[in-house]
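# Observations on the three-dimensional arrangement
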Amino acid sequence: MIHFIDKKTGQAKTAHLIREDENYIYVRFGKGKPEYKYSRKRIDIKDIEEMRTPLYRPPFPVYKYFRECYNCGNGTMMLTYMTYKDNPNESLIYPYDMNRLLSKQEIFLHLMNPKIEYYGVNILGDNEAYDKIMLEMFPYKIKRKFSQTIQTEYAMNICEHCGAKQGKNYVYEAVNRFIKDKINIPVV
Ligand SMILES: [Zn+2]
């Protein structure tokens, strides 16, 4: 559910889905309901920015990137910490220490699925203490949800547009790709 203000009427409304292009914002008020087109100026979805903003200053680097939500197709912000597997309280700082990441690489998994490097890196959902802080910092964006894949609950990203769960596999795959391509991921 997304809350926004219709500035023409001053009403606060709740949308089921919102997507946007350069000129318009498209709103659906329920699953399978028609889509309404509004000019950008008419709608204030600053709520979304608020959901993406930490409530307090992160005590460790929180990395962010965007991916297309599989459910609503909007760009959804993904947040995670990244720590070394050989010391789960030490954050990866660019340039990443490739020797350490490779020394804890899961070679067997990598051979089974060469698409992912399986470096020795922990991400959101791996470290209870860090997860707790992430849940407190981003209460609207990160939630403990049940995962069908691993049959348990853990802290994961929630799409700020439609509420769909963005599980750990997505983050792990992306983070491995960023490390491999030596990309300096922006922090919050
Ligand atoms: Zn979505």
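Criteria and cut-off values
Residues numbered from 1 in each chain as written. Predicted model: local features only at pLDDT ≥ 70, side-chain atom pairs only at ≥ 80, totals over all residues. Heavy atoms only, no water. Donors = N, O, S within 2.8 Å, 3.2 Å for Na, K, Ca; no water. Tetrahedral: all angles 85-135°; square planar, octahedral: opposite > 155°, others 65-115°. Helix = DSSP H or I, 4+ residues; strand = E, 2+ residues; numbered from the N terminus. Buried < 20%, exposed > 50% of the residue type's maximum accessible area, 1.4 Å probe, protein only. Pairing = 2+ DSSP bridges. Domains from an automatic or database assignment. Contact = heavy atoms within 4.5 Å. Buried area = accessible area lost by both parts, 1.4 Å probe. Salt bridge = Lys/Arg side-chain N within 4 Å of Asp/Glu carboxyl O. Polar contact = N/O pair within 3.5 Å; in protein donor to acceptor, adjacent residues only side chain to side chain. Nonpolar A, V, L, I, M, F, W, Y, C, P; charged D, E, K, R; others polar.

## Digging into the coordination of the zinc ion
Under ideal tetrahedral coordination, the four donors around a metal are separated by 109.5 degrees; under ideal octahedral coordination, the six donors are separated by 90 or 180 degrees. Only C69 (SG), C72 (SG), C159 (SG) and C162 (SG) from the protein reach the zinc ion as donors, at distances of 2.3 to 2.4 Å. The site at the zinc ion holds four donor atoms, and with the angles between them running 107 to 111°, its shape is tetrahedral.

## Here's the deal with unusual backbone geometry
Here the amide bond leading from Y94 into P95 is cis, since omega sits at -5°, within 30 degrees of zero. Phi at Y118 is positive, roughly 55°, even though this residue is not glycine. Within the secondary structure layout, Y118 lies in the loop between helix 3 (107-112) and strand 11 (121-122). Y118 gets classed as buried once you look at its relative accessible area, which sits at 14%.

## Focus: the sheet that holds strand 1 (residues 2-6)
Read across the sheet, three strands follow the order 2-1-6 without closing on themselves; strand pairing throughout is antiparallel. Strands with a single pairing partner mark the edges of an open sheet, and in this sheet they are strand 2 (11-15) and strand 6 (43-44).

## Regarding the domain arrangement of the chain
Per the domain assignment, the segments making up the chain are domain 1 (2-44) and domain 2 (52-180). For domain 1 and domain 2, the distance between their C-alpha centres works out to 30 Å. Contacts between the two partners involve six residues from domain 1, matched on the other side by five residues from domain 2. Taken together, the two surfaces of domain 1 and domain 2 that pack against each other cover about 380 Å², and 47% of this comes from carbon and sulfur. By the criterion of area lost to domain 2, the three top residues of domain 1 are I2, L17 and I18, representing 67% of everything that side buries. Our count for the domain 1 to domain 2 interface comes out at zero salt bridges. Linking domain 1 to domain 2 there are one residue pair in polar contact (both at pLDDT 80 or more). A per-class count over the side of domain 1 that touches domain 2 returns three nonpolar, one polar and two charged.

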